[in-house]
Amino acid sequence: MDRIQVVYCCDGEKVVSGIAFEIREVFEEAWIIFTFTDEQYRGKELNKLLRNHLENYLILNNIPKLCSYIHPNNTSSLKSSQKAGSVIEYYRTIKHLLWKNMMLFYLQVYIKI
């Protein structure tokens, strides 16, 4: 079975909005991978409709949590998620070490010469 599933809305044959998600049964949770809505269909609450459908599907399948990562600059997704009842549970921090590793490598090479 594929791990990624999608709920989506169509206008005729055209897919206009959707939510891709993954169920992680071991952790009893589902993760939203990404959402999309065609520009012409924004503001019509399609994401809300799809999210409600997804939540009902998860409840019927005994998955009690729906999670997502949202970039802090993506204010529309943050607002939409909180409007749907989600709360910020954690802040994720990240430190990019590649640049530091490159500098250490060059310093080691420089010192050995």
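The preceding data block contains the structure.
J.: Outline the pattern of salt bridges, listing residues and values.
T.: Using the criterion set out here, one finds six salt bridges in the structure. Two residues, Glu 29 and Lys 65, come together in a salt bridge whose shortest N-O distance is 3.5 Å. Separated by 36 residues along the polypeptide, Glu 29 in strand β3 (residues 29-37) and Lys 65 in strand β4 (residues 65-68) bring together distant segments of the chain. Classification of Lys 65 as partly exposed rests on a relative accessible area of 41%. Shared partners join several salt bridges into a network, and the residues in it are Arg 3, Glu 22 and Arg 24.

J.: Give a detailed account of the nonpolar core, specifying residues and quantitative values.
T.: A general trend in soluble globular proteins is that nonpolar side chains are found buried together. Ranked by internal contacts, the top residues of the largest apolar core, which has 14 residues, are Val 7, Ile 19, Ile 23, Leu 54 and Leu 58. Within the residue set of this core, elements represented by two or more residues are β1 (4-11), β2 (14-24), β3 and α1 (46-60). Look past the residues within four positions of Leu 58 in its chain and what remains in contact with it is Ile 23, Ala 30, Ile 63 and Leu 66.

J.: Go over the sheet that holds β4, please, and point to the residues and values.
T.: Strands sit in the order β1-β2-β3-β4 across an open sheet of four strands; the sheet is mixed. Sheet topology places β1 and β4 at the edges, where each strand pairs with a single neighbour. Put simply, the sheet's adjacent strands are angled 30° from each other on average, direction ignored. Strand direction decides the pairing type here: β1 and β2, joined by eight bridges, are antiparallel.

J.: Go over α1 with me, naming the residues and quoting the values.
T.: The end-to-end C-alpha separation of α1 is 21 Å, in line with the 21 Å expected for 15 residues at 1.5 Å each. Within the sequence span of α1, burial applies to Leu 46, Asn 47, Leu 50, Arg 51, Leu 54 and Leu 58. All buried residues of α1 project into a common sector of 125° when viewed along the axis, lining one side. Away from the buried face of α1 by more than 90 degrees, exposed residues Leu 49, Ile 59 and Leu 60 are located. Buried residues along α1 sit against β1, β2, β3, β4 and α2 (75-83). Phi turns positive one or two residues past the end of α1, at Asn 62, with a value near 60°.

J.: If you had to explain the packing of aromatic side chains to someone new, which residues and values would you point to?
T.: Tallied over the full model, the rule gives three aromatic pairs. Seen in terms of ring centroids, Phe 21 and Tyr 57 are 6.2 Å apart; in terms of plane orientation they differ by 65°. Their pairing is edge-to-face. Taken together, the positions of Phe 21 in strand β2 and Tyr 57 in helix α1 put the pair 36 residues apart, joining distant regions of the chain. With relative accessibility at 31%, the residue Tyr 57 sits in the partly exposed group. For the ring pair Trp 31 and Tyr 69, a centre distance of 4.9 Å and an interplane angle of 35° mean the geometry is tilted. Pair noted here: Trp 31 is in strand β3 and Tyr 69 is in the loop between β4 and α2, with a separation of 38 residues, a long-range link.

The rules we used
- Residues numbered from 1 in each chain as written.
- Predicted model: local features only at pLDDT ≥ 70, side-chain atom pairs only at ≥ 80, totals over all residues.
- Heavy atoms only, no water.
- Salt bridge = Lys/Arg side-chain N within 4 Å of Asp/Glu carboxyl O.
- Helix = DSSP H or I, 4+ residues; strand = E, 2+ residues; numbered from the N terminus.
- Buried < 20%, exposed > 50% of the residue type's maximum accessible area, 1.4 Å probe, protein only.
- Core = buried A, V, L, I, M, F, W, Y, C linked by side-chain atoms within 4.5 Å.
- Contact = heavy atoms within 4.5 Å.
- Pairing = 2+ DSSP bridges.
- Axes fitted to C-alpha atoms, helices over the stretch in contact; angles between N-to-C directions.
- Expected span 1.5 Å × (residues − 1).
- Arc of directions from axis to C-beta.
- Phe/Tyr/Trp six-rings, centres within 6.5 Å; stacked < 30°, edge-to-face > 60°.

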